[in-house]
Amino acid sequence: SQAGYVVLLGKGVGRSFRAARALRRFVSLHCIDVVHIHTEGNWLRTVLAVRWSIAGRPSAVVRTVHSNFLATGKWLASRALQAWLGDPFVRAIVAPSPDVVETERAIGRECQLIFNWVDDRMTALRTRRRLQPLETQATRAVIVGNCSEVKRHELALQAIWQAGLELSHIGDETHANQAERDLLNQFEESGRLVRRGIQLPDDALFDGDVYCMPSRVEGFGVAFAEALSAGLPSLVSDAPGLRWARMIGGVELLPDNVDAWQQALTTIRVDAPPDIPAGIDFHARRGAHEYSLLYRAVLAS
């Protein structure tokens, strides 16, 4: 709205035909030029409803695949079928990381890479962070993200505990398993828990030494990009959705082994921020600009 756009809020897109009709009416009523679809579970019905609504006028549909869907069996067949049926109605399909580009190529999709972006305040944190002396070891680890089976926080938590570090754990613990809860309580009882729960990650990223993301799979990992932008050396799983980051200095990719994570936590250098290559830019202005160019291109084609 600050850039002069009108922001309208419609009802959520459900899975019923009634919801599809409501979406069609909404798009038609407001004469929307570009419809950018992000849903995965209701993809085919959504794109057909949108195409119905824009038929006969110069409009276009864009799709972003946000997650790294490592589908198998019936799920893979379903994704491939929906791509075959729905993708012809879309002018461009976007992936937020090189890993997602490769995953989608397996079902016949060619995606345009547009990295996600983070709030500019994360880059400001990098300039405020105090540089550590040479050869300084980490004393405080940071995990940012809601707990879930795929995030596997317990892997990093166990390693952080064994390495003797303090911890800031930012995120919703609703779906934490018992091992995660026990470890977090253990940190708290020992006085080694600095922050915990749902809150902005800024303070944790500002005074943390090393960021940990032990996810089993990621689409992009926005919290990881925030840590990189804020200047934290990072340890991440050698897993789909994170392997693109091996090109970044100050990032280590690790196997699913607590001992390997513990060793990395005690040896990673924290005396310099990550060296982000020139071709990777997480600034909001870059992401917004690339999408703006894409929207103009699909309308002109």
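Student: Requested: an account of unusual backbone geometry, with residues and values cited.
Tutor: Note on backbone geometry: most residues besides glycine have negative phi, and most peptide bonds are trans. Residues other than glycine seldom take positive phi values, yet C31 does so here, at roughly 50°. Turning to its location among the elements, C31 is positioned in the loop between helix 1 (17–29) and strand 1 (34–37).

Student: So what about the side chain of R63? Which residues, and what values?
Tutor: Its location among the elements puts R63 in strand 2 (residues 60–64). The buried category is assigned to R63, whose relative accessible area is 1%. Within the structure, the side chain of R63 is placed 2.6 Å from the side chain of E40, a separation counted as a polar contact. Look past the residues within four positions of R63 in its chain and what remains in contact with it is H36, I37, T39, E40, W43, V90, A92, I93, V94 and R109.

Student: Describe a nonpolar patch on the surface, naming the residues involved and giving the relevant values.
Tutor: A cluster of nonpolar residues, L81, W84 and L85, forms a patch on the protein surface that exposes about 350 Å² of accessible area. Residue placement: L81 occurs in helix 3 (residues 73–86). Given the relative accessible area of 46%, L81 is considered partly exposed.

Student: I'd like to hear about the layout of surface pockets, residue by residue, with values.
Tutor: Each pocket or cavity is described by its volume, and for the largest pocket that value is around 1,200 Å³. Every residue lining the largest pocket is counted, 32 residues in all, and those nearest its centre are L8, F26, I32, V34 and H36. Secondary-structure elements contributing two or more residues to the lining of the largest pocket are helix 1, strand 1, helix 2 (43–54) and helix 11 (284–300). Ranked by residues supplied to the lining of the largest pocket, first place goes to helix 1 with 6 residues. Across the lining of the largest pocket, the residue classes break down as 19 nonpolar, 9 polar and 4 charged. In this structure, the second largest pocket occupies an estimated 210 Å³ of space. Along the wall of the second largest pocket there are 20 residues; nearest its centre are V144, G145, N146, I170 and A223. Looking at the lining of the second largest pocket, the elements that each hand over two or more residues are strand 5 (140–144), strand 8 (210–213) and helix 9 (222–230). Grouping the amino acids of the lining of the second largest pocket by side-chain chemistry returns 10 nonpolar, 7 polar and 3 charged.

Student: Outline helix 2, supporting the account with residue identities and numerical values.
Tutor: In this model, helix 2 (12 residues) spans 17 Å end to end at C-alpha, consistent with the 16 Å of a helix rising 1.5 Å per residue. The complete set of buried residues in helix 2 reads W43, L44, T46, V47, A49, V50, S53 and I54. Against helix 1, strand 1, strand 2 and helix 3 lie the buried residues of helix 2. G56, located one to two residues past helix 2, shows a positive phi value of around 90°.

Student: Could you give an account of the nonpolar core, with specific residues and numbers?
Tutor: Among the nonpolar cores identified, the biggest contains 28 residues, and L205, Y211, F224, W244, V251 and F282 are the most heavily contacted of them. Secondary-structure elements contributing two or more residues to this core are helix 5 (120–128), strand 5, helix 8 (202–207), strand 8, helix 9 and strand 10 (251–254). Looking at which element gives the most residues to this core, the answer is helix 9, with 6 residues. If sequence neighbours within four positions are ignored, L205 has contacts with M122, L125, R129, V142, V144, E226, A227, A230 and L232.

Student: Can you tell me about the pairing of strand 6 (residues 166–170), naming the residues and giving the values?
Tutor: Buried residues dominate strand 6, accounting for 4 of its 5 residues. Looking at chain direction, strand 5 and strand 6 are connected through 5 bridges and run parallel. Paired with V144 across the two strands is I170, which belongs to strand 6. Read from strand 5 through helix 6 (residues 153–163) to strand 6, the crossover connection turns out right-handed.

Student: Could you give an account of the sheet that holds strand 7 (residues 193–197), naming the residues involved and the relevant values?
Tutor: The strand order across the open sheet built from 6 strands is 7-6-5-8-9-10, with neighbouring strands paired in parallel fashion. Lying at the two open borders of the sheet, with one neighbouring strand each, are strand 7 and strand 10. When the angles between neighbouring strand axes are averaged without regard to direction, this sheet yields 20°. Alignment of strand 6 against strand 7, held across 4 bridges, turns out to be parallel. Across the sheet, S168 pairs through a bridge with R195, a residue of strand 7. Its contacts with the sheet place helix 10 (residues 258–267) against strand 8, strand 9 (234–237) and strand 10, and it is angled at close to 165° to strand 9.

Rules of the game
- Residues numbered from 1 in each chain as written.
- Predicted model: local features only at pLDDT ≥ 70, side-chain atom pairs only at ≥ 80, totals over all residues.
- Heavy atoms only, no water.
- Helix = DSSP H or I, 4+ residues; strand = E, 2+ residues; numbered from the N terminus.
- Buried < 20%, exposed > 50% of the residue type's maximum accessible area, 1.4 Å probe, protein only.
- Polar contact = N/O pair within 3.5 Å; in protein donor to acceptor, adjacent residues only side chain to side chain.
- Contact = heavy atoms within 4.5 Å.
- Patch = residues over 30% accessible without salt bridge, like charges linked within 9 Å, V, L, I, M, F, W, Y side chains within 5 Å.
- Areas by Shrake-Rupley, 256 points an atom, 1.4 Å probe, with all protein chains shown as cover.
- Salt bridge = Lys/Arg side-chain N within 4 Å of Asp/Glu carboxyl O.
- 1 Å grid on protein atoms, 1.4 Å probe; cavity = no way out; pocket = protein on both sides within 12 Å on 5 of 7 lines; lining within 4 Å.
- Points joined across faces, edges and corners; volume = space filled by probe spheres on them.
- Nonpolar A, V, L, I, M, F, W, Y, C, P; charged D, E, K, R; others polar.
- Expected span 1.5 Å × (residues − 1).
- Core = buried A, V, L, I, M, F, W, Y, C linked by side-chain atoms within 4.5 Å.
- Pairing = 2+ DSSP bridges.
- Right-handed = clockwise from strand over helix to strand, strands pointing away.
- Axes fitted to C-alpha atoms, helices over the stretch in contact; angles between N-to-C directions.

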